[in-house]
Amino acid sequence: MTNRLRELRAAKNWSQGELASRLGVSRQTINAIETGKYDPSLPLAFSIARLFGRSIEEIFQDR
Amino acid sequence: MSSATTKRLGAAIVLVLAPVLHVAPGSTWIRTTAAIAAGLMMIFFSKERIHDERVQDLKLKALSAAFSVSFALTLIVNWFLNRDFDPRRDVDGATGVLRSISAFELIALTMVVALALFHYWRFQDSSPSSAEPEDVSA
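What this report covers is the structure whose coordinates are included nearby. These numbers were taken from a predicted model, which means no experiment stands behind them.

## Some thoughts on the overall build of chain B
The number of helices and strands found in chain B is five helices and zero strands. Scanning chain B from its N terminus toward the C terminus, one meets helices and strands in the order α-α-α-α-α. When burial is assessed residue by residue, chain B has 21% of its 138 residues classed as buried. Considering only intrachain contacts with a sequence separation of at least 6, the fraction spanning at least 24 residues in chain B is 73%.

Right under this line is the structure:
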């Protein structure tokens, strides 16, 4: 699965740490998602989508 | 008890109590390994500072891999311990003893491997991918 998390975060001018604290996860988790090492659970994906005001499909794409 | 306190207590058991038990009069190796196993379990199973889904995922993966590795090591060590054991001669005639790693040693070994894997993978999560070396400092 690929995602646009890094791009969306950069657009908001947020650091990984800032995004992590808004989502209640660690910075390492954000980095793992951005680098494609980890696919988030559905609840976390919904939280990310809600935070950026996008649908899940706009952020996460099946390869 | 907070998770940080549990971790500190686990570390104290491994680093202080286990050696003290080991050198105490009348000590047995099994008592030492029981303390080490208990301390390592407290460290591994206590919550991290930010205990999110990635931490749970990595801990489960580390524990699964560690159990397989330590079980394989147990089989290898047991084979060396018992390489002269002859079931026909030693069981029927009761002249030999079938030796094995203890359960505490297996647990301690599993916890050491699991902790090493978990922290290695956590460290890898901190590293940016080579393609996109951007912002992990914040």
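## With respect to helix α1 (residues 3-23) of chain B
Residue and element names in this part refer to chain B. Counted at 1.5 Å a residue, the expected span for α1 with its 21 residues is 30 Å, and the 29 Å between its end C-alpha atoms agrees. Taking the largest bend as the criterion, α1 deviates by roughly 35 degrees, centred on Ile13. Within the sequence span of α1, burial applies to Gly10, Ile13, Val14 and Ala18. On its buried face, α1 is in contact with α2 (29-45).

## Regarding the environment of Asp57 of chain B
Note on placement: Asp57 of chain B falls in helix α3 (residues 53-81). Between the alpha carbons of Asp57 of chain B and Gln124 of chain B there is a distance of 14 Å; along the sequence they are 67 residues apart.

## Points about the interface of chain B and chain A
With 13 residues of chain B at the contact, the number on the chain A side is 16 residues. Taken together, the elements giving at least two residues each to the side of chain B that touches chain A come down to α3 and α5 (103-126) of chain B. Ranked by the residues each element gives to the side of chain B that touches chain A, the list is headed by α5 of chain B, at three residues.

Reading the values: rules and limits
Along each chain, residues carry numbers from 1 onward, in the same order as the chain's sequence is written. A letter from A marks each chain and a number from 1 marks each ligand, given out in the order of writing. Per-residue local features are limited, in this predicted model, to residues with pLDDT of at least 70; the limit for side-chain atom pairs, both in listing and counting, is 80 or more; totals at the level of whole chains, interfaces and linings are taken over all residues. Secondary structure elements follow DSSP: runs of H or I of four or more residues count as helices, runs of E of two or more count as strands, with numbering from the N terminus. Whether a residue is buried, exposed or partly exposed is read from the other C-beta atoms within 10 Å of its own C-beta, which are placed from the backbone; 20 or more gives buried, 12 or fewer gives exposed, and intermediate counts give partly exposed. Whether two residues are in contact is decided by their C-beta atoms, placed from the backbone, lying within 7 Å. The length a helix should cover is 1.5 Å for every residue beyond the first. In this analysis the local bend is the angle between axes fitted, respectively, to the seven residues ending at and the seven residues starting at the residue.

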